[in-house]
Amino acid sequence: MADVDILVVGAGPVGLTAAAELRRHGVSCRIVDRLAVPEPYAKAIGIVPRTMEVWDAMGLVRRVLDEAVPHLGQLVYIDGKPRPPVELSLPPEIPYPFATLPQYATERLLAEHLASFGTEVERSTELRSLQTHPDGVEAVLAHGDGRTERLRARYVVGCDGAHSMVRKAAGLTFEGDAFPEQYMIGDVEVDWELPAGYSMRAVNLDANGEVDDMLVCIPMPGVRRYWLSMLRPRAQAEGVDDSNAPDDSNAPDDAGLGSGDERGLNLEQIQAVLDRLSPEVTTASTLRWSSTFRTSHRLVDRYRNGRLLVAGDAAHIHPPIGGQGLNTGVQDAYNLAWKLALVVRGVASEDLLETYHAERHPIAREVVDRTVRHARNVRKAGSGPLNSGADAEMMLRRQAQLLVAYPDSPLTQAQADGAPDAGPAPGDRAPDCRGLQSELATYPRRLFDLLRTPRHVLLLFAGPEHASGDGAARLEACAVEAHRAAHGLLDAYLVTAADVPRDARPVGLRPPLVRDAAGEFQDVYAPRDGEAILIRPDGYLSGRFHPATPERLAAHLGRTFA
């Protein structure tokens, strides 16, 4: 008999996301962290648009919007001369922009969100050992007051960073390497007059045209507060005694970021970099935190071994280029939580957990490979992750993590099964759209309002042939059968086209009717009359079915539900 459904180890952004989502999906969990208090450092600060969408679905985004600041673009200088800036501008249909938020603030907001479900982080609590059994996992926990506890959980999720004990207990490998370049970072205020909301990248080139000195400044909440990352010049790096620095196998968490130890910087050192590279005369002040580090890249061989699973830095670390690490980890947890919840609740088989590795490992591999390519080219003048050019929009969408997709997942309908020529395909992210009207709201709604649920969502598109009569009855039968196949964990909506009369609807009052008054749903999804679009709890299309039939929907849902 288990004491708790899930034990989450590690209370960083990834562990807090996993715990909050598990609770939102209705399963019990405990979350432990060895630290007595959260670290007060702004380690990871970049928030990409897809993570904002995740937080929207979780019910957290309003708090984030109140505390984060926009990241509008990047100013670029080479040898003191301005180059064309990079604008972080996304199409208007993307509901959220790039933003920055210090990691400690992200953790606080997530912890408060988790507490709304009645679950608190258990601090000063360290995982000492794990032993797996056929029906669960026994964990030995050491509490700060000297107590030792034996806890039985059905599953353990390791969000415990690069040194993950859960990963080691699971016998997972973590292969990779380290880069020779040394970096310096600092959290400071600067009194320059550069445009608010823009980051700045300045480099000086040597006689061979390679980068010999680099400064990247990213805006954070506060008055002229920036996160500074600096490439330690070769002359300085060669004179540093690195014999006491941690080696690659013992690198600090967060892809090698330190935690303000004795190898950090003082204001004088940071000011020296600004004097060399700042595009205007400026003075640094209010140093909150600094560190020096080398970057590493590692990737776990599997995301799961039986009842032990890993996420975030426990599964992948890579150079902190483009702010991908925290965001990738949050989406690991978001992908895993709904699957674990279905298994724990007994409505899905344990085979569903295999799709966690199948879907997320390729995503982590792509992120690691991409950031490694940029890190290897760090001394090339145009090597930033965001550059102008023909592929700039595609690169921007990739950085925003809007291109993450699961077309080859066992849970995704095969492309050959009638996918349309336009609109998102099975496996793609479900995009938002506006201008929806419902019968009980006098204001326009967004599609994301309907997706803010821990359930699957079934959208049944009704044009002239399916808005009433026999066509509407067929769609209604699809909704009933899908609801049954999903054990009731599915919400269905009849979406009527803009040219369908307002009073056209099925004879009954279910499923609820939503009218595509602005035509945006039709523009974005390109649905066919009588088509069903099934969206997973994590906001990805599971399948598109035309013509929609109860039998096809039930068979497809059988890939997820027992």
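Residues numbered from 1 in each chain as written. Predicted model: local features only at pLDDT ≥ 70, side-chain atom pairs only at ≥ 80, totals over all residues. Heavy atoms only, no water.

A. Representation of the pairing of strand β21 (residues 456–462). The buried fraction of β21 amounts to 7 of the 7 residues, a majority that puts the element mostly inside the structure. On β21, burial covers both faces: His456, Leu458, Leu460 and Ala462 on one face and Val457, Leu459 and Phe461 on the other are all buried. Read as a crossover between parallel neighbours, the route from β21 over helix α13 (residues 469–485) to strand β22 (residues 490–496) is right-handed. (Buried < 20%, exposed > 50% of the residue type's maximum accessible area, 1.4 Å probe, protein only. Helix = DSSP H or I, 4+ residues; strand = E, 2+ residues; numbered from the N terminus. Right-handed = clockwise from strand over helix to strand, strands pointing away.)

B. Highlighting the sheet that holds strand β13 (residues 198–205). The sheet built from 8 strands is open, its strands ordered β6-β5-β13-β14-β15-β12-β16-β19 with mixed pairing. Every other strand in the sheet has two partners, leaving β6 (81–87) and β19 (316–317) as the edge strands with one partner each. Strand direction decides the pairing type here: strand β5 (residues 73–78) and β13, joined by 6 bridges, are parallel. By the bridge assignment, Ile78 is partnered in β13 with Val203. (Pairing = 2+ DSSP bridges.)

C. Main features of empty space enclosed by the protein. Tallied over the entire structure, the rule returns 2 cavities of 30 Å³ or more. Each pocket or cavity is described by its volume, and for the largest cavity that value is around 130 Å³. Along the wall of the largest cavity there are 17 residues; nearest its centre are Glu53, Ala57, Tyr334, Leu451 and Gly539. Only α2 (49–58) and α12 (447–451) provide two or more residues apiece to the lining of the largest cavity. With 5 residues, the top contributor of residues to the lining of the largest cavity is α2. Across the lining of the largest cavity, the residue classes break down as 9 nonpolar, 2 polar and 6 charged. Roughly 40 Å³ of internal volume is contained in the second largest cavity. Lining the second largest cavity are Arg50, Val54, Gln331, Tyr334, Asn335, Arg360, Tyr406, Asp538 and Tyr540. Broken down by secondary-structure element, the contributors of at least two residues to the lining of the second largest cavity are α2 and α9 (325–344). (1 Å grid on protein atoms, 1.4 Å probe; cavity = no way out; pocket = protein on both sides within 12 Å on 5 of 7 lines; lining within 4 Å. Points joined across faces, edges and corners; volume = space filled by probe spheres on them. Nonpolar A, V, L, I, M, F, W, Y, C, P; charged D, E, K, R; others polar.)

D. The arrangement of the packing of α13 against helix α15 (residues 550–557) in detail. Two elements in contact, α13 and α15, have axes separated by 8 Å at closest approach and are oriented at 20°. When the axes of α13 and α15 are compared, the pair comes out roughly parallel. Crossing geometry of α13 relative to α15 is assigned as right-handed. For the pair α13 and α15, the contacting residues are Ala477, Cys478, Glu481, Ala482, Arg484 and Ala485 in the first and Pro550, Leu553, Ala554 and Leu557 in the second. Looking at side-chain class alone, the contact of α13 with α15 contains 8 nonpolar, no polar and 2 charged residues. (Axes fitted to C-alpha atoms, helices over the stretch in contact; angles between N-to-C directions. Parallel < 35°, antiparallel > 145°, perpendicular 65-115°, else oblique. Left-handed = near helix turned anticlockwise from the far one by under 90°. Contact = heavy atoms within 4.5 Å.)

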